Amino acid sequence: MRGIVLLLMLGFTFLMFNDFFPETLPGLKVSKWIVLLLILVIFTCISVLADKEQEERRTFKWTLFSSLYLLFVVIGMSVFGGHSTSGISLDNPIVWVLLLVSLFQISIQLKRRNSKKSQEL
């Protein structure tokens, strides 16, 4: 499962790099659509192979990890002088709204997880 997640993160990183630095990879013949299709297939495999019992714990970890990872990728690409061609930047209020929604979702999952633990005791 970790290999699948690593492949997924590499796909996201490639798409972000291609968005922030489009002129650096013109010779690379990998289409964005192929990478997006690969990410879709990976998400489908994860949902089919997921253990339903551990899904809630993994969902919490995945939401936290992916939110922080994508935030750091955007920060890193901006620090290295990249400019997003699709508008993904720290100046965009939509990015901050999505980050806040993600943090709200994480806090709800954390509360739900803690209440289940307290009920089990």
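The rules behind the values
- Residues numbered from 1 in each chain as written.
- Predicted model: local features only at pLDDT ≥ 70, side-chain atom pairs only at ≥ 80, totals over all residues.
- Heavy atoms only, no water.
- Core = buried A, V, L, I, M, F, W, Y, C linked by side-chain atoms within 4.5 Å.
- Buried < 20%, exposed > 50% of the residue type's maximum accessible area, 1.4 Å probe, protein only.
- Helix = DSSP H or I, 4+ residues; strand = E, 2+ residues; numbered from the N terminus.
- Contact = heavy atoms within 4.5 Å.
- pLDDT = per-residue confidence, 0-100.
- Patch = residues over 30% accessible without salt bridge, like charges linked within 9 Å, V, L, I, M, F, W, Y side chains within 5 Å.
- Areas by Shrake-Rupley, 256 points an atom, 1.4 Å probe, with all protein chains shown as cover.
- Salt bridge = Lys/Arg side-chain N within 4 Å of Asp/Glu carboxyl O.
- Phe/Tyr/Trp six-rings, centres within 6.5 Å; stacked < 30°, edge-to-face > 60°.
- Polar contact = N/O pair within 3.5 Å; in protein donor to acceptor, adjacent residues only side chain to side chain.

**Observations concerning the nonpolar core**
Membership of the largest hydrophobic core is limited to 6 residues, which are Met16, Phe20, Phe21, Val73, Val74 and Met77. For this core, the elements supplying multiple residues, two or more each, are α1 (2-20) and α3 (55-79). If you tally residues by element for this core, the top one is α3, at 3 residues. In this structure Met16 touches Val73, Val74, Met77 and Ile88, once residues within four positions along its chain are discounted. Core analysis: the second largest hydrophobic core is formed by 5 residues, Leu8, Leu15, Ile39 and Ile42 among them.

**Remarks on the confidence of the model for the protein**
Of all residues in the protein, 77% attain a pLDDT of 70 or more, and the chain-wide mean is 78. Within the protein, helix α2 (residues 32-49) has the poorest average pLDDT of any element, 70, and helix α4 (residues 93-120) the best, 83.

**Some remarks on a nonpolar patch on the surface**
A grouping of Leu64, Leu68, Phe72, Ile75 and Val79 is seen on the molecular surface, where their side chains present a nonpolar patch of about 450 Å² in accessible area. Note that Phe72 resides in helix α3.

**What about the packing of aromatic side chains?**
Inspection of the entire model under this criterion finds 2 aromatic pairs. Summarising the aromatic geometry, the rings of Phe65 and Tyr69 are spaced 5.8 Å apart at their centres and angled 25° between planes, so their arrangement reads as stacked. Placement of both Phe65 and Tyr69 in helix α3 is noted, with a separation of 4 residues, approximately one turn of the helix. Relative accessible area serves as the criterion here: at 23%, Tyr69 is assigned to the partly exposed category.

**Focus: the side chain of Ser84**
With respect to the helices and strands, Ser84 occurs in the loop between α3 and α4. There is a polar contact of 2.5 Å between the side chain of Ser84 and the side chain of Asp19. Side-chain polar atoms of Ser84 contact the backbone nitrogen of Ile88, separated by 3.0 Å. Apart from the residues within four sequence positions on either side, Ser84 is in contact with Asp19 and Phe20.

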